[in-house]
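Tertiary structure, described
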Amino acid sequence: MSDQAWQRVLEPRTRPERVLVLGQSGMVGRAWCELLGSESIEHEALARPEFDLSDPESINRALDNRYDLVVNAAAWTDVDGAESDEQGANRANAHAVEQIARRCADFGLFLITYSTDYIFGGSASSPYPIDAPIEPLNAYGRSKALGESMLRAVSDHHLLIRTSWVHAPWGKNFVLTMRSLMQSRDQLSVVDDQRGRPSNAGSLASGSLDLYLAGAAGTWHLTDAGECSWHGLACEIREQLGRSCEINPCTSEAFPRPAKRPAYSTLDIGPTEQLIGPLPKWELGVRQSLGHSFG
Ligand SMILES: NC(=O)c1ccc[n+]([C@@H]2O[C@H](COP(=O)([O-])OP(=O)(O)OC[C@H]3O[C@@H](n4cnc5c(N)ncnc54)[C@H](OP(=O)(O)O)[C@@H]3O)[C@@H](O)[C@H]2O)c1
């Protein structure tokens, strides 16, 4: 496929009849299950040990013609852990994605799967467009970039959605970690030299379904709107919780981690907003993850 073919808008689609969600226990997998339940769309969901990205047989067993849409929300998401097992990350984020895509192609199923802002190098100062050069700084980013190219080589019957800084009212994420730290500490230091876009898993699931219904195919960016640093995000969490904890900005060097992170990884969501309308502001997504009601 040429670069221009990466992002396409086909005819609007009808509601899926039967959806298979892979990675039910993750933030995005669970958000998808809640969304499909609230929309009364029939669905099944699989998680480990029944479905394992590292077991080709379990992938074959999971996918068949009972479904018309497959959502792959399962992935190796341990960014630091990938540094010491890049092969494992590649197996889950690239080779398994290729196999899922092949199986979907065999049965004519449409596939929605996710990629990351960490495929980009972080030297930009304005949002990354879809076709910006892919320059991952860490093993996780390389595994997702490999997954993107392997997916595109199999079939174009997919929606590959790059997202960033995902959080939810459940699971392991920055918003819930900060909430718990703010309950026990008077002072925190949070990295202020990485900027990006927080994304609520619920908005991500509903935006993904909207993109599908609107006829989107190929690669799209989907995050909440706006931009902040991790320090800015922590300050917003503190404000929404009404806490008084002191939050000091610090550099990434003060918090050495096995995997290097991009300094700037905001994704350009302009084309997505043109197709499905304005995306919710990230502050609203944080409110939702903290369990506050809208408004
Ligand atoms: N989280 C982020 O900040 C972020 C940012 C950019 C892109 N993304 C992408 O968004 C998608 C959804 O991730 P998420 O945010 O929902 O992450 P998550 O909460 O960490 O969920 C990951 C899911 O993948 C499952 N999984 C991991 N290894 C597996 C394996 N070998 N076989 C089967 N399932 C496996 C996990 O199952 P267990 O519960 O058994 O571990 C979990 O259900 C992923 O493609 C991720 O790369 C996430």
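Residues numbered from 1 in each chain as written. Predicted model: local features only at pLDDT ≥ 70, side-chain atom pairs only at ≥ 80, totals over all residues.

Attention shifts here to helix α7 (residues 230-241). With 12 residues, α7 should cover 16 Å at 1.5 Å per step; its first-to-last C-alpha distance of 16 Å lies within 8% of that length. All of the buried residues in α7 are Trp230, His231, Leu233, Ala234 and Ile237. Buried residues of α7 fall within an arc of 160 degrees about the axis and therefore sit on the same side. On its buried face, α7 is in contact with α5 (174-184), β8 (187-191), β12 (228-229), β13 (246-250) and α9 (282-289). Backbone geometry just after α7 places Gly242 at a positive phi near 70 degrees. (Helix = DSSP H or I, 4+ residues; strand = E, 2+ residues; numbered from the N terminus. Expected span 1.5 Å × (residues − 1). Buried ≥ 20, exposed ≤ 12 C-beta atoms within 10 Å, placed from the backbone. Arc of directions from axis to C-beta. Contact = placed C-beta atoms within 7 Å.)

Another point: the pairing of strand β5 (residues 110-116). For a regular strand, the rule is simple: side chains alternate between the two faces of the sheet. With respect to burial, β5 is a largely interior element, 6 of its 7 residues being buried. Looking at chain direction, strand β4 (residues 69-72) and β5 are connected through 4 bridges and run parallel. Following the sheet pairing, Val71 is matched in β5 by Ile112. Handedness of the β-α-β unit built from β4, helix α3 (residues 86-107) and β5 comes out right-handed. In terms of strand pairing, β5 meets strand β6 (residues 158-163) through 6 bridges, oriented parallel. The partner of Thr113 across the bridge, within β6, is Leu160. (Pairing = 2+ DSSP bridges. Right-handed = clockwise from strand over helix to strand, strands pointing away.)

Taken together, the neighbourhood of the ligand is formed by 25 residues, with Gly26, Val28, Ala75, Tyr114 and Val166 sitting nearest. At the level of elements, α1 (27-38) and β5 are the ones that each hand at least two residues to the shell around the ligand. In terms of residues, the shell around the ligand owes the most to one element, α1, which gives 3 residues. In the shell around the ligand, the residues fall into 13 nonpolar, 10 polar and 2 charged. (Near = placed C-beta within 6 Å. Nonpolar A, V, L, I, M, F, W, Y, C, P; charged D, E, K, R; others polar.)

Let us look at the packing of α3 against helix α4 (residues 139-154). Where α3 contacts α4, the axes come no closer than 8 Å and their chain directions differ by 20 degrees. Between α3 and α4, the angle is such that the two are roughly parallel. α4 is crossed by α3, and the crossing has right-handed handedness. Of the residues in α4, those in contact with Glu86, Ala89, Asn90, Asn93, Ala94, Val97, Glu98, Ala101, Arg102 and Ala105 of α3 are Ala139, Tyr140, Ser143, Lys144, Leu146, Gly147, Met150, Leu151 and Val154. Residue composition of the contact of α3 with α4, grouped by class: 11 nonpolar, 4 polar and 4 charged. (Axes fitted to C-alpha atoms, helices over the stretch in contact; angles between N-to-C directions. Parallel < 35°, antiparallel > 145°, perpendicular 65-115°, else oblique. Left-handed = near helix turned anticlockwise from the far one by under 90°.)

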